Amino acid sequence: MSSSPRPFFSLAGLRYGARAALPAFPGFIMFSIAFGTAAAQKGLSLAEAMGLSAFVYAGASQMVGLEIWQRVWTPTTILTIMTVTAVVNSRMILLGATLQPWLRHEPLARSALNLFLITEAGWLIGTRYHNEGGRDVGVLLGCGLTLWLVWQIATIIGFFAGALVPEPKRFGLDLVMPIFFSVMLVPLWKGPRTALPWLVAGFVSFVVHALMPGYGFIIAGALAGVIAGMLIE
């Protein structure tokens, strides 16, 4: 029985990965523009908004971070935003684990960069390429770098667009994110069974928010949704 080819890295793979990322551009651009706009309206500086996009690099976590953002930071607030971000991003642990057979022979620094840049879109593109027999790790990195750059550029565009509007509530722009998230949920509908974790997460968040001050309801809702999803599956 012949073994599968050993993974390798090439510049041709980088270029191929950059081209393979093109279908993900519309979603990335719209989400990061929405974040940049929301960050400007929240009062963040361009440096702060770009810091979130560059280092957190996760749309849902960045949006949650905006809700918790304070002008004066305390150890409790810092711990809260770290915990919430970690919980929301915990799904990336599973995505990274599935890439381990592909990345196990890579240099540590390049593996770390690949895992930092991984997103759902990049993971899907990379694993599809891998499942079709491709083994060039440059494809994964090229896709990841391209999407990261698109995210940064679109964040800047959204930030300046949001900064041009002095009174966002007057134009209803404070409703952009609730509407955006609602629209994003529609394609995820796969029937009542798969919607149960959403309902559990929402119910637990509502109850915890009513009983406890602060942002613990976000963590409680996320954990409840994950546990419900595991039990259902």
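Residues numbered from 1 in each chain as written. Predicted model: local features only at pLDDT ≥ 70, side-chain atom pairs only at ≥ 80, totals over all residues. Heavy atoms only, no water.

Undergrad: Describe the overall build of the protein chain, listing the residues and the values that go with them.
TA: For the protein chain, the count of helices and strands is twelve helices and zero strands. When the helices and strands of the protein chain are listed from N to C terminus, the series reads α-α-α-α-α-α-α-α-α-α-α-α. Looking at the 233 residues of the protein chain, the share that counts as buried comes to 42%. Residue pairs in contact within the protein chain that sit at least 24 positions apart in sequence constitute 78% of those at least 6 positions apart. For the protein chain, the exposed surface amounts to about 13,600 Å²; the carbon and sulfur share of it is 73%. (Helix = DSSP H or I, 4+ residues; strand = E, 2+ residues; numbered from the N terminus. Buried < 20%, exposed > 50% of the residue type's maximum accessible area, 1.4 Å probe, protein only. Contact = heavy atoms within 4.5 Å. Areas by Shrake-Rupley, 256 points an atom, 1.4 Å probe, with all protein chains shown as cover.)

Undergrad: Give me the lowdown on the packing of helix α4 (residues 59–68) against helix α5 (residues 75–88), citing residues and values where you can.
TA: For the pair α4 and α5, interaxial distance at closest approach is 9 Å and the crossing angle is 155°. With respect to each other, α4 and α5 are oriented roughly antiparallel. Seen along the crossing, α4 lies across α5 with a hand that is right-handed. Listed contacts from α5 to Ala60, Ser61, Val64, Gly65 and Ile68 of α4 are Thr77, Thr80, Ile81, Val84, Thr85 and Val88. Taken together, the residues of the contact of α4 with α5 break down into six nonpolar, five polar and no charged. (Axes fitted to C-alpha atoms, helices over the stretch in contact; angles between N-to-C directions. Parallel < 35°, antiparallel > 145°, perpendicular 65-115°, else oblique. Left-handed = near helix turned anticlockwise from the far one by under 90°. Nonpolar A, V, L, I, M, F, W, Y, C, P; charged D, E, K, R; others polar.)

Undergrad: Residues and numbers for the side chain of Thr37, please.
TA: Note that Thr37 resides in helix α2 (residues 25–42). Thr37 gets classed as buried once you look at its relative accessible area, which sits at 16%. Side-chain polar atoms of Thr37 contact the backbone oxygen of Gly158, separated by 3.0 Å. For Thr37, the residues in contact, after removing those within four places along its chain, are Gly158, Phe159 and Gly162. (Polar contact = N/O pair within 3.5 Å; in protein donor to acceptor, adjacent residues only side chain to side chain.)

Undergrad: I'd like to hear about the packing of helix α3 (residues 46–56) against α4, residue by residue, with values.
TA: The geometry of α3 relative to α4 is characterised by a closest axis approach of 10 Å and an angle of 145° between their N-to-C directions. Taken as a pair, α3 and α4 cross one another with a handedness that is right-handed. In contact with Leu52, Ser53 and Val56 of α3, α4 contributes Ser61, Gln62 and Leu66.

Undergrad: If you had to explain helix α9 (residues 137–163) to someone new, which residues and values would you point to?
TA: Each full turn of the α-helix corresponds to 3.6 residues, which orients residues three or four apart in the same direction. In this model α9 runs 40 Å from its N-terminal to its C-terminal C-alpha over 27 residues, within 8% of the 39 Å that 1.5 Å per residue would give. Of the residues flanking the start of α9, the one acting as N-cap is Asp136, its side-chain oxygen 2.8 Å from the backbone nitrogen of Gly138. (Expected span 1.5 Å × (residues − 1).)

Geometric descriptors of this kind do not, in isolation, establish any biological role.
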